[in-house]
Amino acid sequence: MSALIEQFFDLDIMKQAFPYLLQGLLITVLMTLVLAPLGMVAGLALALGSNLRHAWLRLLVRGWVNVFRAMPPLVLIILAFTGLPFVGLQLSAFSCVLIGLLLNNSSYYCEILRAGLG
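Per chain, residue numbering runs from 1 following the sequence as it is written. Per-residue local features of the predicted model are confined to residues with pLDDT of at least 70, and side-chain atom pairs are confined, for both listing and counting, to 80 or more; whole-chain, interface and lining totals are unaffected and use all residues. The basis for the side-chain values is all heavy atoms of the structure; hydrogens and waters are excluded.

Caption draft 1: Representation of the overall build of the chain. Broken down by element type, the chain carries five helices and zero strands. Radius of gyration here uses only the C-alpha atoms, and the compact-globule reference equals 2.2 Å multiplied by the residue count raised to the power 0.38. Taken over C-alpha atoms, the radius of gyration comes to 20 Å for the chain, far larger than the 13 Å a tight globule of 118 residues would show. Along the longest, intermediate and shortest principal axes, the C-alpha atoms of the chain span 70 × 40 × 20 Å. Among the 118 residues that make up the chain, the fraction classed as buried is 21%. We get accessible surface area from the Shrake-Rupley algorithm with a probe of 1.4 Å; when it comes to residues, only the shown protein chains can shield them. Looking at the chain as shown, the accessible area adds up to about 8500 Å², and 74% of this sits on carbon and sulfur atoms. Put simply, DSSP marks the helices as runs of H or I at least four residues long and the strands as runs of E at least two long, and each gets a number from the N terminus on. Throughout this description, buried means an accessible area under 20% of the type-specific maximum (1.4 Å probe, protein chains only), exposed means over 50%, and partly exposed covers the range between.

Next up, the structure:
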């Protein structure tokens, strides 16, 4: 069995890659801990905004949600990373990922919560 594993996997490379995998896991957990509550709060605010009496505000929220829900998260991340410096905001890569994913996640949370509030 050991010879079969070594035939397909180089365990030395796996040992070298393991610290990088742990670092990626830590970043993923950190992003989840930040994005889940922020996305939920922003989604709730958008869901409440989509049920307002003012038609123009309701249309604005619906347009916002439809645009950011339709855009792939990677496109939003790239736009945040490359577009924000043009308006004078120089943010870290981590912050740009958070912004891109927050825009997308809050739009999905809005639709889920809006259906529940319905």
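Caption draft 2: Molecular detail of the nonpolar core. If you look at the biggest cluster of nonpolar residues, it comprises six residues: Met31, Leu35, Ile77, Val97, Leu98 and Leu101. Elements represented by at least two residues in this core include exactly α2 (11-49) and α5 (93-117). Looking at this core element by element, the count peaks at three residues for α5. Note on definitions: a residue-residue contact is assigned when non-hydrogen atoms from the two residues lie within 4.5 Å. If we ignore the near neighbours within four places in the chain, the residues touching Ile77 are Cys96, Val97, Gly100 and Leu101. Definition used in this section: a nonpolar core is a set of buried Ala, Val, Leu, Ile, Met, Phe, Trp, Tyr and Cys residues joined via side-chain atoms within 4.5 Å. Residues Leu46, Ala47, Val61 and Cys110 belong to the second largest nonpolar core, which totals five residues.

Caption draft 3: Quick look at helix α4 (residues 73-83). For α4, the complete set of buried residues consists of Leu76, Ile77 and Ala80. The buried residues of α4 occupy an angular sector of 100 degrees when the element is viewed end-on, so they sit on one face. Next to the buried residues of α4 lie α3 (55-70) and α5. Read the arc as the range of directions from the helix axis to the C-beta atoms.

Caption draft 4: Main features of the side chain of Ser50. Among the secondary structure elements, Ser50 is positioned in the loop between α2 and α3. Polar contacts, as used here, are pairs of N or O atoms within 3.5 Å; protein pairs need one atom able to donate a hydrogen and one able to accept it. Residues neighboring in sequence count only if both atoms are side-chain atoms. At 2.8 Å, the side chain of Ser50 and the backbone oxygen of Ala47 are in polar contact. Filtering out sequence-adjacent residues up to four positions away, Ser50 remains in contact with Arg58, Val61, Arg62 and Arg114.

Caption draft 5: Local environment of the packing of α4 against α5. Two numbers describe how α4 lies on α5: the axes approach to 8 Å, and their chain directions differ by 135 degrees. Overall, the two elements α4 and α5 adopt an arrangement that is oblique. In this structure, the crossing between α4 and α5 has a hand that is right-handed. Of α5, the residues touching α4 (which contributes Pro73, Leu76, Ile77, Ala80 and Phe81) are Ala93, Cys96, Val97, Ile99, Gly100, Leu101, Leu103 and Asn104. Considered class by class, the residues forming the contact of α4 with α5 number eleven nonpolar, two polar and no charged. Axis geometry follows a simple rule: fit a line to the C-alpha atoms, using only the stretch in contact for helices, then measure angles between N-to-C directions, giving values from 0 to 180 degrees. Just so you know how the angles are binned, under 35 degrees is roughly parallel, over 145 roughly antiparallel, 65 to 115 roughly perpendicular, and the rest oblique. Working rule for handedness: look at the near helix, and if it is turned counterclockwise from the far one by less than a right angle, call the crossing left-handed; if clockwise, right-handed. Here the nonpolar group is Ala, Val, Leu, Ile, Met, Phe, Trp, Tyr, Cys and Pro; Asp, Glu, Lys and Arg are the charged ones; every other residue, Gly included, is treated as polar.

Don't take any of this as a statement about function, it's just geometry.
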